[in-house]
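# Observations on the three-dimensional arrangement
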Amino acid sequence: MTVRSEDAPVNTGAAAWFGASQAHAAVRSIQGKLHCWAGADGARRFDDLYNLVCDPRVLAVAWERVAGNTGARTAGVDRATVAWIVSRYGVALFLHDVREQLRARTFVPAPVRQVMIPKTSGKLRALGIPTVADRVVQAALKLVLEPIFEADFHPVSYGFRPNRRAHDAIAEIHHFTTKSYQWVLEADIEACFDTIDHTALMDRLRTRIGDKRILALVKSFLKAGVLTAAGTREGTITGTPQGGILSPLLANIALSVLDDHFVEQWQTSMATVQQRQKRRRHGLANYRLVRYADDFVVLVTGEQEHAEALLEQVADVLAPMGLRLSPEKTRVVHIDEGFDFLGFTIRRMGKRGSSKSYVYTRPSNKAIAAIRDRVRTMTYRHTLHHDPGYLMDYLGQVLRGWANYFRHGVSKRTFNAIDSYAWERITAWLRKKHRIGWPELRRRFCLAGTWRLAHDGVRFRGAATVTVTRYRYRGYRIPTPWTPTAVPA
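Summarised in this report is the structure supplied together with it. (Residues numbered from 1 in each chain as written. Predicted model: local features only at pLDDT ≥ 70, side-chain atom pairs only at ≥ 80, totals over all residues. Heavy atoms only, no water.)

## Comments concerning the overall build of the chain
Looking only at helices and strands, one finds 17 helices and 13 strands in the chain. On C-alpha atoms alone, the chain measures out to a radius of gyration of 26 Å, which is about the 23 Å that the 2.2 N^0.38 rule sets for 489 residues. Seen through its principal axes, the chain has C-alpha atoms that stretch 75 × 75 × 60 Å. A burial count over the chain gives 49% of its 489 residues as buried. (Helix = DSSP H or I, 4+ residues; strand = E, 2+ residues; numbered from the N terminus. Rg over C-alpha atoms; globule rule 2.2 N^0.38 Å. Buried < 20%, exposed > 50% of the residue type's maximum accessible area, 1.4 Å probe, protein only.)

Pasting the structure below:
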C-alpha cells in the first residue's frame, strides 16, 4: 500500500478499532496458542495463518509497535510518516485500507528507501526504510510467525529474540571459558543480511508454514527491491534489507541452520559429563556455539587445531544459505589473548595480588574510543552556542546510557576514566564559551568547595554514577513470553 501526501484524504475522526489492552490481550492469547502447538509437535505445519495477519487486533498491535518505534519519524519512498498518517489520514481508516488490501490479495510492498549509514570500521552499511504500511504488515507477520519459530530456536542464539539480550550471550561465554573452554573460534558472517539465499530461506520457512498466502507475502517483501539515493530502482536477488521489522526474524530463521548443526552434535555426543570426558580421553574436542545475530563464537576445550578444524565445518554449514565467513573478522584465539564480542573484551588474566587467573569482561578499546569520540564531538567549538545546562544534561544522559550497557563488566575504572575525559572536555568548552579562567569557572560551574561540575546547583552525572553489578547467568532455558507458567494448586 502507498500513502502519498498529495492525494491522501483528511482524517474524518474515525475511532480506533480496539482498546490497547483488549488488542494486546487477544494477540498474546493467539501467540500463546501458536507457541504451544508448535512446541508440542515439532513437525506441525501451520496452514491457516493469513487470517491472523488480517485480524484487526493483530494489525492494531502491529501499528502500535510501528508508531512507538524511533523510526516512526522516518518516511519510506511514499514520504508518509506515522505522524502524518495520524493527523491527515486517520489510524482507523489507514488500518482498514491495509486490511482490505490484504484480504483482497492486492497488497504489494513498495521498494525500500536506501540510506547509507557509517560503520565503526569506516565503511558504509546500506539501511532499507520501508513505507509505514509495509512496516505494519511486516510487524503483523512477525507477531504471527515469531511464536512458531521461537519453539524451534535453540538456546545458543540470543540476538533479536524476545526475553534475550547481549548480556546473556556474554554470560554464557564467561561461564564456559571459566570451565576449560580455552580456544575460541571468533567468527563473523560477511554481509549476512545482504546475501541470504531467498530459495534456501523460503525452504526453511516451509518446514513450519504451509499457508501459501503467508509464504507469498514474505517472498513479496524479499523481492520488493530498493530505491537508491540516486533514484534508481534495484532488484533484490538475495538478502533481506536491514531496517525492516521482519528482517531480524528472517535472518534468525536462516542462521538457525548453524544452531541446528552444533546443537545436534552437542546433544548426540557431548551432552553429559561422561561423554565429554570420554571425548577428551580419545583426543577429541568439545565445543559449544554462542551466537548473537550474525556474530558468533565457538568455544572449544581441546587444542588449537581442533578450533581451526571447525572453520571448514562452519563454512560448509553456511554455504547452502548463500553465506560465507568474513576473512578479516574470523580467527582462532586463546582465551589468554582475549577477544572482542558485542562491545566487550573477554580475556583471562591473573588477579592482582594473586597467582590465580580469572576470565574478565570489560569494555573493549573500540567501545571506549567510540564514546570518547562522542564526547569530543559534543564539545567541539561549533557547539558553543548551546546552554551549559543543556550540554551537561545531554552529555550525562549519553554517558549513563553507555555505562548502563557496560555496567555488568569490570568497568568501574573505565567509567572513572571516561568521566575524567568528559570533565576535561567540558571545562575547556566552558572556558572557551565564557572566556573565563579557572577560578571563575570553579565559582560558577562547580559545587561549592569542589571541582565537581554543576549548573544551577545540579551536579553533572556521568558514567561513574552508574553502579557496576554482576550479571547473573540465566542458564540455557530462558523462557519466552509465551512459555506456560505452572499454576500452584
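Next, the rest of the story.
## What about the sheet that holds strand 10 (residues 344-350)?
Taken in spatial order, the three strands of this open sheet run 9-10-11, and their pairing is antiparallel. Whereas interior strands pair on both sides, the edge strands pair on one side only; in this sheet they are strand 9 (339-341) and strand 11 (357-363). Looking at each pair of strands side by side, their axes are set apart by 30° on average, direction ignored. (Pairing = 2+ DSSP bridges. Axes fitted to C-alpha atoms, helices over the stretch in contact; angles between N-to-C directions.)

## Quick look at the pattern of salt bridges
With the rule as written, the count across this model stands at 18 salt bridges. Here D152 ties to R208 by a salt bridge, and the two come within 2.7 Å at their closest N and O atoms. Pair noted here: D152 is in the loop between helix 6 (132-150) and helix 7 (166-177) and R208 is in the loop between helix 9 (198-206) and helix 10 (212-222), with a separation of 56 residues, a long-range link. A residue is classified by how much of its surface remains accessible, and D152, at 29% relative accessible area, is partly exposed. Residue R208 is classed as buried on the basis of its relative accessible area, which comes to 1%. Two residues, D336 and R348, come together in a salt bridge whose shortest N-O distance is 2.7 Å. (Salt bridge = Lys/Arg side-chain N within 4 Å of Asp/Glu carboxyl O.)

## A short note on a positive patch on the surface
Side chains of R347, R352, R362 and R413 sit close together on the surface and give a patch of like positive charge. Checked against the element boundaries, R413 lands in helix 16 (residues 412-434). Owing to a relative accessible area of 62%, R413 belongs among the exposed residues under this scheme. (Patch = residues over 30% accessible without salt bridge, like charges linked within 9 Å, V, L, I, M, F, W, Y side chains within 5 Å. Areas by Shrake-Rupley, 256 points an atom, 1.4 Å probe, with all protein chains shown as cover. Lys, Arg positive; Asp, Glu negative; His and termini not counted. Charge placed at Lys NZ, Arg CZ, Asp CG, Glu CD.)

Worth remembering: the numbers are spatial, not functional.
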